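Listed below, chain by chain, are the residues.
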Amino acid sequence: MDKNTFLSNIDPAALDGMYQQYREDATSVSPDWARFFQGFDLARTRYPELPGQTPAAVGDLGPSHENLAKEFKVIALINGYRERGHLFTRTNPVRERRKYNPPLDLAIFGLSDSDLDTVFEAGSELGIGKATLAVIVDHLKTTYCQSIGVEYKQIRKVDRVQWLQERMEKDRNTPNFDLAEKKEILRKLDQAVVFERFLGKKFIGQKRFSLEGGETLIPALDTIIEHGAEAHGIKDVVIGMAHRGRLNVLANTFNKTYDSIFADFEGRDYADSFVEGDVKYHMGFNSCVVTNKGKGVNLILCPNPSHLESVGPVMQGISRALIEKDHDLKPDKLCPVIIHGDAAIAGQGVVYELAQMAGLKPYSTGGTLHVVVNNQVGFTTNYIDGRTSTYCTDVAKVTQCPIFHVNGDDAEAVCHVMKLALDFRQRFQTDVFIDLLGYRRHGHNEGDEPKFTQPILYKAIATHKDPRAIYSEKLQASGAIEASLAEEMKANFNNMLQERLTESKELPKAVITSFLADRWMGYVRANDADLESSPATGVKRKLLLDIAAKLVEVPEGKKFFNKMERILNDRAKMVEEDRLDWGMGELLAYGTLLCEGHAVRLTGQDVERGTFSHRHAVIKVEDSEEEYIPLKHLQEDQALVQIYNSPLNEYAVLGYEYGYALATPESLTLWEAQFGDFVNGAQIVIDQYLSAAEEKWNVMNGLVMLLPHGYEGQGAEHSSARMERFLQQCADANMIMANPTTPANYFHLLRRQLAWKFRKPLVVFTPKSLLRHPRCVSAVGEFTKGAFQEVIDDPIADPRSVKTLILCSGKLYYELLERKEELVADDVAIIRIEQLHPLPEPQLAAVFTRYANTEEVRWVQEEPENMGAWPYMFKHLHKVKGAPSVDALKFVTRRASGAPATGSAVRSAIQQKRILEEAFADRPSAAAAKKAKSKVRA
């Protein structure tokens, strides 16, 4: 027997051991081996003279049992195609595929051409019954090695593998569209191809990031919408994509009017002065389209920056919100679609982060269709230089998702795959990846020369027919359409585009509408007056106390951890003693909002307990780890509360929560970092979405970010939430920056987010040491009346006696207060600026008026001079009425530094002590003869 065959290369002892393992538990071996052993057992029933044979002995059977031995070789051949057929497909329209070994030749499996006419029982494996080897091979090649390649054997769930296998092998994975469907495919290709060519002729040299080479994306999306609505009752499709092909998708999938798209090329100014806008291929859009069979489908295209793949988690968050709000938590009525580029899906780490979130309860959207428009190049970088993996979609294997590779020139194969992928998603509620192999006809943009870096590839592309021409010729050759019909469709579409171009020149200034406008009815953009003071956010005392009582109740008959029971008892005691701490104030904010009908969603790293063990919003039963969430048991008609620990990533999770908040303005959505220092792992979301989206895309967002911040000697990575970076991005009230110092003020701050008739992102620099500070407590009365205090004055009796005014923010206040009391410095007033941006000018002006006799104003912070709030205060504080000039304002900080903090706890304590000493040094009231320093540093 040939020693290079499939079976002869397997260790006999190992094979027999695996067979015994299979006999004890069929699920303990891989699906392929399970089916192999099923076939072996079947053969034993048909050949009773082999009762003692084992699988390993099959390769050594004598001539009398040669056919039986070959049956197993055919089964091995079938499994070879199922596992590796995707490596030998015709899926690349412009390149020869790389060569992979071993090939799927008959000899590899111990077979030869002389066996082609032999009939084998193994044909039943494919659902075709007994068949000759020639028929079996043809069936396998057609199913697995033509325009469609499939990777699915990495999936460990047998039912999913079996479903795909039977579905594909039943129809040989071959499209079977009727004439009407074929004409629809041609119509969408006509739109896609002609539209791009029209733009190229009319707007020469302008960037549009053409879809040319990947135009079958348009009939692919059309198939998802049409098939989704008809076969599955899908009502919403949410799409996230980058810039390439976006204009084509807007025009020919979303039905954005051609004249408005053409007008964007004319460079019109915006009608609204408060928006800066964005380039045309970044804008969001939504529409309701009607399918060919009359069903309405809502389409949402999320706005995106140039930062590739960043929109993925955002659109997932939007999808989750709509599933909850519109579809009663049933994901089968909404289909999320992410359109990737090949270089980006392989290169951007956020893709992996999002893939790992897909199956988690807080983030599941019932599966996403990931469609890769594979140009086989990233800007100028060849695909072989852009990844180590075989395919750009190999990230899908991490979560055992099926992967389809399809030739972008075969329009029917593309649409066939879309149906198959959507059916799988609907059945198993998991992600599916579709690798649509095409090419990029031009350079990265239309003014770029690709032959500098890919001369051979672009020589081939230059003479390659577009998908419309290929499909039109195919239909004509089959007699499905006349050549005149294809030309007529093209001419009519061109004429219509020309008419819309003419009309576009008459359009007035551009208007940017929110892509989720229907979700934001009743909300208005904030003006300056709206932000000058906070609305009342107190609650009735009875409601507050009722909620407080529920927060410390646990179900009877369940044993909780002793320390947890003690914490709950301490919380009950707090209420009795009228001194509520930070954790209680936060939970009361959530509880009151829930009882008012506002949903609350809090996610992040370790948020259920809280990094510093202060929250305990989710309580575990000691013996079973069953979860109990007191916030879910406040009253019968309360709103939905979701509190979930997130995976250990910042980028994707923050992007997800930003997207969720985009679609839920009536809810409070929060994300908390484990330490504020780690927020820079999500810097792209902060820079491109949170800080700029309202000006770029005219969309509001009320996301709350909780960033633990404060210098307690824990080192450079556990001290600073990089306040200075956020403040540097602040302008025109684009975000709210707050550093509250009391539980009650934090309570009002959170409630203010939903009391406003507008929404702004809120960044809260939350404390660490204050969570258990004996003086950081609030009385019940502070929660039942009043509002958030942007500035908290010193309770000093006689402001005329104050000679030194100290301005500060955050937990440093309590250290300054302690120092003041030690020195009996009654001529010093300490003012807390609780809201850093927008700078509360009216409140600060009132402070400066009250302390008109002040001889010196000092800004005191624990951060280095080049960090914290000082750079922002230096630039803006002097503009406040009554404030000292820039030259007169003194500051006390740590020395300027490249690192946020020292790694030495001893040195940190020394630095902190110096700050406190310098804050009270050389006061004019204590040393009038001494000249005040222009700068005071620690």
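Scroll up to find the structure.
Everything quoted here is computed from the prediction, not taken from an experiment. (Residues numbered from 1 in each chain as written. Predicted model: local features only at pLDDT ≥ 70, side-chain atom pairs only at ≥ 80, totals over all residues. Heavy atoms only, no water.)

## Comments concerning the sheet that holds strand β17 (residues 668-672)
Thought 1: The strand order β16-β13-β17-β18-β20-β19-β24 describes an open sheet built from seven strands, whose pairing is mixed. Every interior strand has two partners, whereas the edge strands, β16 (641-645) and β24 (835-837), have only one. The mean inter-strand angle of the sheet, taken between neighbouring strand axes irrespective of direction, is 20 degrees.
Thought 2: The pairing of strand β19 (residues 736-738) with β24 spans two bridges and is classified as antiparallel. In the sheet register, Ala738 faces β24, and the bridge partner there is Gln835.
Thought 3: Strands β17, β18 (704-708), β19, β20 (762-766) and β24 of the sheet are contacted by helix α24 (residues 743-755), whose axis makes an angle of about 170 degrees with β20. (Pairing = 2+ DSSP bridges. Helix = DSSP H or I, 4+ residues; strand = E, 2+ residues; numbered from the N terminus. Axes fitted to C-alpha atoms, helices over the stretch in contact; angles between N-to-C directions. Contact = heavy atoms within 4.5 Å.)

## Structural notes on the pairing of β20
Thought 1: Among the five residues of β20, five are classified as buried, and the element is accordingly described as predominantly covered.
Thought 2: Where β18 and β20 come together, five bridges link them in parallel fashion. Within β20, the residue paired with Val704 across the bridge is Leu762.
Thought 3: Bridge count between β19 and β20: three bridges; the pairing is parallel. By the bridge assignment for β20, Ala738 is matched with Val764. (Buried < 20%, exposed > 50% of the residue type's maximum accessible area, 1.4 Å probe, protein only.)

## Quick look at unusual backbone geometry
Thought 1: Asn101 connects to Pro102 through a cis peptide bond whose omega is -5 degrees.
Thought 2: Following the sequence through the fold, Pro102 ends up in the loop between α3 (66-84) and β1 (119-120).
Thought 3: For the peptide bond that leads from His837 to Pro838, omega is -10 degrees, which places it in the cis range.
Thought 4: Assignment of secondary structure puts Pro838 in the loop between β24 and α27 (841-850).
Thought 5: Not every positive phi belongs to a glycine, and Leu329 is a case in point at roughly 65 degrees.
Thought 6: Residue position: Leu329 is located in the loop between α10 (311-326) and β7 (334-341).
Thought 7: Exposure remark for Leu329: the relative accessible area of 52% places this residue in the exposed category.

## Some points on the packing of aromatic side chains
Thought 1: According to the stated counting rule, one finds 26 aromatic pairs in the structure shown.
Thought 2: Ring centres 5.4 Å apart and planes at 35 degrees place the aromatic pair Phe198 and Phe262 in the tilted group. One end of the pair, Phe198, is in helix α6 (residues 179-202); the other, Phe262, is in helix α9 (residues 258-265), with 64 residues separating them in the sequence. This pair shows no difference in class: Phe198 is buried, exactly as Phe262 is.
Thought 3: Centre to centre, the rings of Trp870 and Phe891 are 4.6 Å apart; their planes meet at 25 degrees, and the pair counts as stacked. Separated by 21 residues along the polypeptide, Trp870 in helix α28 (residues 870-876) and Phe891 in strand β26 (residues 890-894) bring together distant segments of the chain. Of the two residues examined, Trp870 and Phe891, each falls in the buried class.
Thought 4: An aromatic cluster of three or more residues is present, and its members are Phe195, Phe198, Phe203, Tyr258, Phe262, Phe265 and Phe493.
Thought 5: Taking NZ or CZ as reference, Arg601 lies 4.8 Å from the ring centre of Tyr660, over its face.
Thought 6: Taking the ring centre of Tyr813 as reference, the NZ or CZ of Arg832 above it sits at 3.7 Å. (Phe/Tyr/Trp six-rings, centres within 6.5 Å; stacked < 30°, edge-to-face > 60°. Lys NZ or Arg CZ within 6 Å of the ring centre and 35° of its normal.)

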